[in-house]
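Chain by chain, the residues run as shown.
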Amino acid sequence: MASSNGLSVAIAVLLGCASHVGYVGAASGREPTPGYPEAVIQWGVQRGETCDDIAKVLYGSSSHVGLIQRYNRVACGPGATLAEGLTLVLPAEVTSIPDAKIRAMRPDVRARPAGGAWSPAAPGMPLLANSSVNTLDEGRADIEFVDRTRVLLAPNTLVVIHGTASRTRVSTTAPSAVELSDGEVKAALAALRGQTVDVASGGGRVSASSRDTVVQRRGERTTVAVFDGKADVTSGGLSVVVPKDHGTRFVGRAPPARPRPLPPRPEWTEPTSADLAPIALAPAGLGVLSASWKPAPQAAGYRVEVARDPEFNDLVVREEVKPDVVSFRAEKMPAGAYFLRVRVIDREEYLGVGAVRRFHLVAARAAGGVALSAGEITANPYGIVELTPSPALELAIDGGAFGPVPERIDLLQRAPRELRLRERGGAASGPVTSLPVRYTTVGAAIQASRAADGAALDAQVELAGLEGIDVAQRVAPRIIAHLPGGVRSAALTGGERGGALTARIPLPPEATRSGEPLRVRLDVADGRGGVLGTREVDVPAANAASPGATAPAPPALPVLGAYVPMLPVSAVADVLWLGPTPPAVVAAGAVASRAGDGWVAAGQVRASGAIGPLGLDVALRSSPAGDGEAAGSAGWLGARFRVVRLGRSAFELSPTLRLGVPLADAGPPVRVEPGVALGGAAGRLTWVVDAGARIRVADGEGSAAGEGSAAGGEDSAAGGAELAAPPAQGFLVAGGTADAAPWLRLHGALDLHLVHRDGGANDVLGALSAGAEAGGALFGALSVRVSPWRGAGEGPVTAQIAVGLREAPP
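Caption draft 1: Up close: the overall build of the chain. The number of helices and strands found in the chain is five helices and 56 strands. Each of the 810 residues in the chain was classed as buried or not, and the buried ones make up 47%. Contacts spanning at least 24 positions in sequence make up 58% of the contacts within the chain whose residues lie at least 6 apart. When the accessible surface of the chain is split by element, carbon and sulfur atoms take 57% of a total near 36,100 Å².

Caption draft 2: Region of the structure containing the environment of Val 233. Mapped onto the secondary structure, Val 233 falls in strand E16 (residues 230-235). Remark: the alpha-carbon pair of Val 233 and Asp 198, spanning 35 residues in sequence, is separated by 9.8 Å. Apart from residues no more than four positions distant in its own chain, Val 233 is found in contact with Arg 205, Val 206, Val 224, Leu 238, Ser 239, Val 240, Val 242, Thr 248, Phe 250 and Pro 256.

Caption draft 3: View of the packing of aromatic side chains. Evaluation of the coordinates by the stated rule reveals five aromatic pairs. On the numbers, 6.5 Å between centres and 80° between planes, the contact of Trp 268 with Trp 293 is edge-to-face. With a gap of 25 residues between them, Trp 268 in the loop between strand E19 (260-261) and strand E20 (279-283) and Trp 293 in the loop between strand E21 (286-292) and strand E22 (299-307) connect regions that are remote in the sequence. With respect to class, Trp 268 is no different from Trp 293; both count as buried. Between the aromatic rings of Tyr 563 and Phe 779, the centroid separation amounts to 5.9 Å while the plane-to-plane angle is 50°, which identifies the pairing as tilted. Linking Tyr 563 in the loop between strand E42 (531-539) and strand E43 (585-595) with Phe 779 in strand E55 (residues 778-789), this pair joins segments that are 216 residues apart in sequence. The same class applies to Tyr 563 as to Phe 779, namely buried. Members of the aromatic cluster, joined through ring pairs, are Trp 268, Trp 293 and Tyr 302. Positioned above the aromatic ring of Trp 118 is the side chain of Arg 110, whose terminal nitrogen or guanidinium carbon lies 4.4 Å from the ring centre.

Caption draft 4: The arrangement of the side chain of Gln 729 in detail. Tracing the sequence through the fold places Gln 729 in strand E52 (residues 728-741). We classify Gln 729 as buried; its relative accessible area is 4%. A polar contact of 3.5 Å, which involves the side chain of Gln 729, links it to the side chain of His 753. Aside from chain neighbours lying at most four places away, what touches Gln 729 is Ala 571, Val 572, Val 575, Gly 692, Ala 693, Arg 694, His 753, Leu 754 and Val 755.

Caption draft 5: A negative patch on the surface, seen in detail. Judged by side-chain charge, Asp 108, Asp 137, Glu 138 and Glu 319 come together as a negatively charged surface patch. With respect to the helices, strands and loops of the structure, Asp 108 is situated in the loop between strand E3 (100-105) and strand E4 (109-112). Accessibility expressed as a relative area gives 37% for Asp 108, which makes it partly exposed.

Caption draft 6: View of the pairing of strand E51 (residues 685-696). As defined by bridge partners, strand E50 (residues 671-682) adjoins E51 across 10 bridges and the pair is classed as antiparallel. Opposite Leu 678, over in E51, you have Val 689 as the bridge partner. Linking two consecutive strands that pair antiparallel, namely E50 and E51, is a turn of two residues; a positive phi of about 65° is found at Gly 683 within it. Bridge count for E51 against E52 is 11 bridges, and the pairing is antiparallel. Among the inter-strand pairings, Ala 693 is bridged to a residue of E52, identified as Gly 730.

Caption draft 7: Fine view of the nonpolar core. Grouped together as the largest cluster of nonpolar side chains are 31 residues, with contacts concentrated most on Val 133, Ile 143, Leu 153, Val 159, Ile 161 and Val 185. By residue number, the principal contributor to this core is strand E11 (residues 178-188), which donates four residues. Contacts of Leu 153, omitting those with residues within four sequence positions, involve Val 133, Thr 135, Arg 140, Ala 141, Ile 143, Val 159, Glu 184 and Val 185. Within the second largest apolar cluster, 26 residues are counted, among which are Tyr 382, Ile 446, Val 475 and Val 520.

Caption draft 8: Just the pairing of strand E37 (residues 478-483), in detail. The side-chain alternation of E37 yields one buried face, formed by Ile 479, Ala 481 and Leu 483, and one unburied face, formed by Arg 478, Ile 480 and His 482. Note that E37 and strand E38 (residues 486-491) share six bridges and pair antiparallel. The partner of Leu 483 across the bridge, within E38, is Gly 486. Counting the residues that bridge the hairpin from E37 to E38 gives two residues.

Caption draft 9: Layout of a nonpolar patch on the surface. Taken together, the side chains of Leu 732, Leu 750, Leu 752, Leu 768 and Trp 789 present a nonpolar region at the surface, about 430 Å² in accessible area. With respect to the helices and strands, the residue Leu 752 is situated in strand E53 (residues 744-756).

Caption draft 10: Region of the structure containing the confidence of the model for the chain. Summing up the model confidence of the chain, the mean pLDDT is 82 and the portion of residues at 70 or higher is 85%. Of all the helices and strands in the chain, helix H1 (residues 2-14) carries the lowest mean pLDDT, 35, while E51 carries the highest, 95. Throughout residues 544-551 the model reports pLDDT below 50, and contacts reaching past four residues in sequence, or to other chains, amount to zero contacts. Here residues 701-722 is modelled with pLDDT under 50, and outside its nearest four sequence neighbours on either side it reaches 47 contacts, counting other chains as well.

Caption draft 11: Structural detail: the environment of Arg 211. Assignment of secondary structure puts Arg 211 in the loop between strand E13 (204-209) and strand E14 (213-218). In the structure, Arg 211 is positioned 17 residues away from Asp 228 in sequence and 5.8 Å away in space, judged by C-alpha atoms.

Quick notes on the rules
All residue numbers refer to positions counted from 1 along the written sequence of the respective chain. pLDDT decides what is reported in this predicted model: residues at 70 or higher carry local features, side-chain atom pairs at 80 or more are listed and counted, and totals for whole chains, interfaces and linings draw on all residues regardless. Here the side-chain values reflect all heavy atoms present in the structure, with hydrogen atoms and water set aside. By the criteria applied, helices consist of DSSP H or I runs no shorter than four residues and strands consist of E runs no shorter than two, each listed in order from the N terminus. Only protein chains enter the accessibility calculation, which uses a 1.4 Å probe. A residue is then buried if its area is under 20% of the maximum for its type, exposed if over 50%, and partly exposed in between. In this analysis, two residues are considered to be in contact whenever any of their non-hydrogen atoms come within 4.5 Å of each other. Accessible areas in this description were obtained via Shrake-Rupley with a 1.4 Å probe; residue shielding takes into account the shown protein chains only. In this scheme Phe, Tyr and Trp rings, the latter by its six-membered ring, pair at centre separations within 6.5 Å, and the angle between planes marks the pair as stacked below 30 degrees, edge-to-face above 60, and tilted otherwise. Counting as a charge over the ring demands two things of the Lys NZ or Arg CZ atom: a distance within 6 Å of the ring centre and an angle within 35 degrees of the ring normal. Think of a polar contact as two N or O atoms within 3.5 Å of one another; within protein, one of them needs to be a possible hydrogen donor and the other a possible acceptor, and neighboring residues in sequence only count if both atoms come from side chains. Patches here: salt-bridge-free residues with over 30% relative accessible area, like charges joined within 9 Å, nonpolar side chains (Val, Leu, Ile, Met, Phe, Trp, Tyr) joined within 5 Å. Should a side-chain nitrogen of Lys or Arg be within 4 Å of a carboxyl oxygen of Asp or Glu, the pair is scored as a salt bridge. Neither His nor the chain ends is counted toward charge; the positive residues are Lys and Arg and the negative residues Asp and Glu. By convention, charge coordinates are those of NZ in Lys, CZ in Arg, CG in Asp, or CD in Glu. Pairing between strands requires that DSSP locate at least two bridges from one strand to the other. Remark: nonpolar core denotes a set of buried residues (Ala, Val, Leu, Ile, Met, Phe, Trp, Tyr, Cys) joined through side-chain atoms within 4.5 Å. Along the chain, pLDDT gives the predictor's confidence residue by residue, from 0 to 100.

In structure tokens:
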């Protein structure tokens with residue numbers, strides 16, 4: 001250790017601490033050593049050294065021997081040698097600093113200097129030697145000494161501070177830090193070099209090597225309880241060592257009693273609905289702590305403490321309650337981490353070992369229709385939960401992974417059913433606090449009426465359950481009307497000062513012109529499409545026209561069937577699928593099909609319309625072009641007369657007559673086609689059935705002799721038997737349409753043909769077709785026909801494309 005001492009001396013000399021060392025005040029020019037209020041050095045004690053020797057070397061005079069005891073609990077009596085090898089922490093120069101300070105306190109604390117008068121204490125107040133500190137009924141104080149040991153005062157406690165730095169001569173016993181006159185102190189060490197905290201009480205002394213030793217003095221009786229480390233208790237010339245979780249006591253100057261076990265910690269009860277989880281919400285930053293414990297045998301009472309630190313130095317609550325009180329609840333607690341400790345006080349007034357629980361109160365704020373409680377969230381589905389993140393916690397939403405606590409949870413975007421919280425760094429199987437999210441109901445009351453002009457529907461909507469919600473931004477409500485002509489929607493606006501939201505929805509032409517009332521289904525939906533309410537309303541008919549005014553035109557009736565049905569390149573299958581009342585349309589297009597060993601294509605032109613119940617149609621097909629064989633150019637002229645119409649085309653029936661003529665030498669011969677067409681409409685759906693016969697009335701190129709059967713047959717002459725017009729055939733074409741949108745019609749049909757061929761053979765042919773027609777007055781059409789039952793010369797697939805002009809769909 002010589003080298004250590006030489007280093008210390010060298011440092012002292014370099015600092016100018018020879019015989020010329022002068023006195024400096026607390027405000028030294030040196031930078032304080034980290035963790036100390038001033039600059040310090042270390043000194044290694046040599047054999048035979050005394051405090052006087054060190055004071056003379058460092059400070060120039062043994063009169064400064066008190067500085068040796070500022071950070072060291074050593075006895076510095078005259079001629080008393082120090083233990084060889086001991087390392088001392090010493091001020092680098094002569095200074096005068098307070099021996100202690102009030103580190104923290106609660107109200108009702110007073111202090112006085114030696115020989116002075118009492119005055120209110122304050123945090124940070126310096127305490128010189130022989131100062132007194134007194135906590136009153138509601139007071140608590142935390143006193144920290146320059147060597148970083150701490151003494152905590154309970155309410156109604158009086159202590160006297162014994163300075164160490166200002167003492168020049170003391171007895172061979174190291175001085176005590178405080179003298180307890182009355183009340184209770186807790187001795188707490190800063191974890192530094194195995195020091196002790198010395199407390200004088202009555203005629204005895206407690207020297208605690210402990211972070212938690214409680215010394216109580218009531219009258220002449222002193223009670224010591226050790227909860228950490230150990231304590232030496234001396235009184236009446238005798239000493240006892242009190243180990244952890246044991247206690248002793250003495251009266252006056254009598255010897256201390258033999259150490260005895262302290263009362264064991266109480267047992268917590270199983271959590272009930274009245275007890276809160278270890279992690280709970282603190283709405284508006286204020287939360288609740290609560291817990292219950294089982295009654296302890298031999299208990300005369302309990303001490304309940306709440307602190308912000310696990311050492312219970314920063315106390316928030318301390319209460320002593322009767323033995324029949326076995327639960328605790330603290331309300332309006334600021335958010336943060338808390339520790340709750342319950343100790344038994346037995347009939348001999350010994351303080352027991354504490355049972356400790358940790359709580360976290362998470363600051364939470366409700367934004368927009370959210371109600372928070374400690375254990376659950378009652379929320380509007382459009383609300384927001386705002387949390388104050390805590391580095392000690394992590395959060396998971398529903399079954400997701402745990403992560404940092406977010407500042408904001410948007411219920412509209414996430415829609416969680418459960419929030420789960422746990423301490424960060426805990427085991428995967430550790431305790432998890434579940435906070436269920438319960439959503440309130442949102443509803444919509446809907447009213448509607450026809451606008452004054454009869455051309456629109458005026459809707460009024462009152463939303464319920466959206467108090468505190470920005471409806472326009474968070475909900476974005478719309479009203480959706482299911483009308484005869486399709487579905488229409490409009491944004492709901494207004495609602496200022498709690499009024500109803502409104503919207504105007506234009507009605508389709510048939511609803512405007514009809515003299516009949518409407519039954520409309522109205523839905524209110526949010527911006528995500530979620531339905532808030534629905535209602536079916538009866539809308540009265542439009543008001544009758546005023547005298548002299550022009551009566552509105554009647555609404556257009558629905559079109560039955562397709563506007564441009566499939567027209568195959570065939571002398572057998574080119575039966576048109578038309579309704580009892582043909583639509584007003586002009587179209588041109590092309591059709592392509594596999595025929596024989598190659599592909600053929602032909603152009604076509606169509607037109608149809610109706611004058612009252614009389615319907616007319618014409619279809620012209622060009623001669624085919626391509627490698628395959630097909631029927632030549634032909635034209636059809638048709639007429640039909642509607643004899644039955646029920647309601648708005650719920651059912652129609654018309655006899656039909658069509659005439660087919662060749663348009664080229666190779667075209668099919670003249671044919672006549674009597675039949676019947678029937679159909680109907682139901683909302684956006686229509687159906688049409690055409691049935692009849694086709695009879696060849698003259699022979700020509702398209703009726704070449706030698707025709708074979710549809711099952712294979714033999715090779716034929718020009719045109720081929722399978723492509724020729726047969727002498728007679730019967731047909732049935734049936735299908736339906738659906739309006740997917742006001743501008744889009746889908747259709748499908750099945751056509752069957754019983755063919756009687758030259759030579760007496762009979763065949764059954766059939767195919768399925770489907771297509772779509774899109775647009776307004778100008779539209780396009782695409783159809784495909786698949787022929788599972790076909791003649792040998794007919795291709796399996798036929799495609800048709802067309803464009804045209806039509807009367808605008810209703």
